[in-house]
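Take a look at the letters that make up each chain.
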Amino acid sequence: MFLGRCQAGAASDGCNDQCRRRNRPLRGPRISDSLGFESRPTLPHIIAELGLHAELADDSSVRGTAPVLDDACQPGTRWLRTSVLATWADMVTGMSASHSILPRIPVTLDLETQLIRPVEAGTELLVESRPVKSGRTVAVSDARFMDRATGELVAISYATFVASANPDHVMGGGFPSVLPAETLLDVPLTERVQLRAIAPGVMELPRLPDGQNMTGAIQGGLLAQEDGAQILVLG
């Protein structure tokens, strides 16, 4: 959560070539841009491409829907990556926890996602999040994911947030009440986030401009992208 921006360094780091291949700017929008804190970006944030649409209610609860996309599934299967659930959970719990920490930006301290049963591509999920504990510097929220067709609980998540220690990290206008879904993912998620193996058991995730959170760090849920039991190394 506390890493910097994607660097426009030598092409050998893999980021420049792939950014150009996808026609994405090297210095693009952060998630704060796509949520409306600054000017609207030309290209969507990675999180927006996962299809989650969520709305913040007056009581700080969050409700939303999310389609399970083929490109968000484990390679060679029709089963949703648990890391995508963790990404969605990071977003909706952050929304519900933000009210007590504002105007300071909440950053993820801890995120746990428990998968109750596998979720198949084509399923539409309902998600609900609510504050569990609210404080000026620390807040806890949970999230529940249900199959929209059956109402069955498929996953539950718990997240703890702390106020960013950087005094410049503030949201003067408050957290947006709507997290919109935009252009849906059209390539496998690992390709979209440019996760790659650099050695046996070692993975690298570049700091993409459209994969950052409101502080300019890699969005917390994207850090959960897993490839079996491999170790994730942030490049």
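Okay, so let's go over this structure. (Residues numbered from 1 in each chain as written. Predicted model: local features only at pLDDT ≥ 70, side-chain atom pairs only at ≥ 80, totals over all residues. Heavy atoms only, no water.)

### Topic: helix α3 (residues 82-101)
Part 1: Helix length check: α3 (20 residues) gives 28 Å between terminal C-alpha atoms against 28 Å at 1.5 Å per residue, within 8%.
Part 2: Maximum bend of α3: about 35°, positioned at M95.
Part 3: Of all 20 residues that make up α3, 18 are buried, and the element is covered over most of its length. (Helix = DSSP H or I, 4+ residues; strand = E, 2+ residues; numbered from the N terminus. Expected span 1.5 Å × (residues − 1). Bend = angle between axes of the 7 residues up to and from the residue. Buried < 20%, exposed > 50% of the residue type's maximum accessible area, 1.4 Å probe, protein only.)

### A look at the pairing of strand β1 (residues 53-56)
Part 1: Sheet topology note: the β1/strand β2 (residues 62-67) ladder contains 4 bridges and is antiparallel. Bridging from a neighbouring strand, A54 pairs with G64 of β2.
Part 2: The turn joining β1 and β2, which pair antiparallel and follow one another in sequence, is formed by 5 residues; a positive phi near 75° is taken by S60.
Part 3: Bridge count between β1 and strand β7 (residues 178-179): 2 bridges; the pairing is antiparallel. Bridge pairing links E55 to V178 in β7. (Pairing = 2+ DSSP bridges.)

### Considerations on unusual backbone geometry
Part 1: Here the bond from L102 into P103 is cis, since omega is 5°, no more than 30 degrees from zero.
Part 2: For P103, the position within the fold is in the loop between α3 and β3 (106-115).
Part 3: Look at S60: it is not a glycine, yet its phi comes out positive at around 75°.
Part 4: The backbone phi angle of Q194 is positive, close to 65°, even though this residue is not glycine.
Part 5: Along the chain, Q194 turns up in the loop between α4 (189-192) and β8 (196-199).

### Some thoughts on the pattern of salt bridges
A side chain with one charge can pair with a side chain of the opposite charge if their charged atoms come near.
Part 1: Within the structure shown, the criterion is met by 9 salt bridges.
Part 2: When salt bridges that share partners are traced, they join E49, R192 and D210 into one network. (Salt bridge = Lys/Arg side-chain N within 4 Å of Asp/Glu carboxyl O.)

### Observations concerning the pairing of β8
Part 1: The pairing of β8 with strand β9 (residues 202-205) spans 3 bridges and is antiparallel. The residue of β9 that forms the bridge with A197 is M203.
Part 2: Connecting β8 to the antiparallel partner β9 that follows it, the hairpin turn spans 2 residues, and G201 within it adopts a positive phi of roughly 75°.

### Some thoughts on the environment of A163
Part 1: One can find A163 in strand β6 (residues 153-163).
Part 2: Its relative accessible area of 12% is what places A163 among the buried residues.
Part 3: The spacing of A163 and S100 is 63 residues in sequence and 9.6 Å in space, taken between C-alpha atoms.
Part 4: Ignoring anything within four residues of it in the chain, the contact list for A163 reads I101, R104, I105, R136 and T137. (Contact = heavy atoms within 4.5 Å.)

### Concerning the nonpolar core
Part 1: L52, L80, W88, L125 and F145 are the most contacted members of the largest nonpolar core, which has 37 residues in total.
Part 2: Within the residue set of this core, elements represented by two or more residues are β2, α3, β4 (124-133), β5 (138-147), β6 and β9.
Part 3: Those residues in contact with W88, other than ones at most four positions away along the chain, are L50, L52, A66, P67, L80, L125 and F145.
Part 4: Listed in part, the 6 residues of the second largest apolar core include I101, A139, F161 and A163. (Core = buried A, V, L, I, M, F, W, Y, C linked by side-chain atoms within 4.5 Å.)

### Quick word on the sheet that holds β7
Part 1: Taken in spatial order, the 7 strands line up as β3-β6-β5-β4-β2-β1-β7 in an open sheet, and their pairing is antiparallel. Two strands in the sheet have a free side with no partner beyond their single neighbour: β3 and β7.

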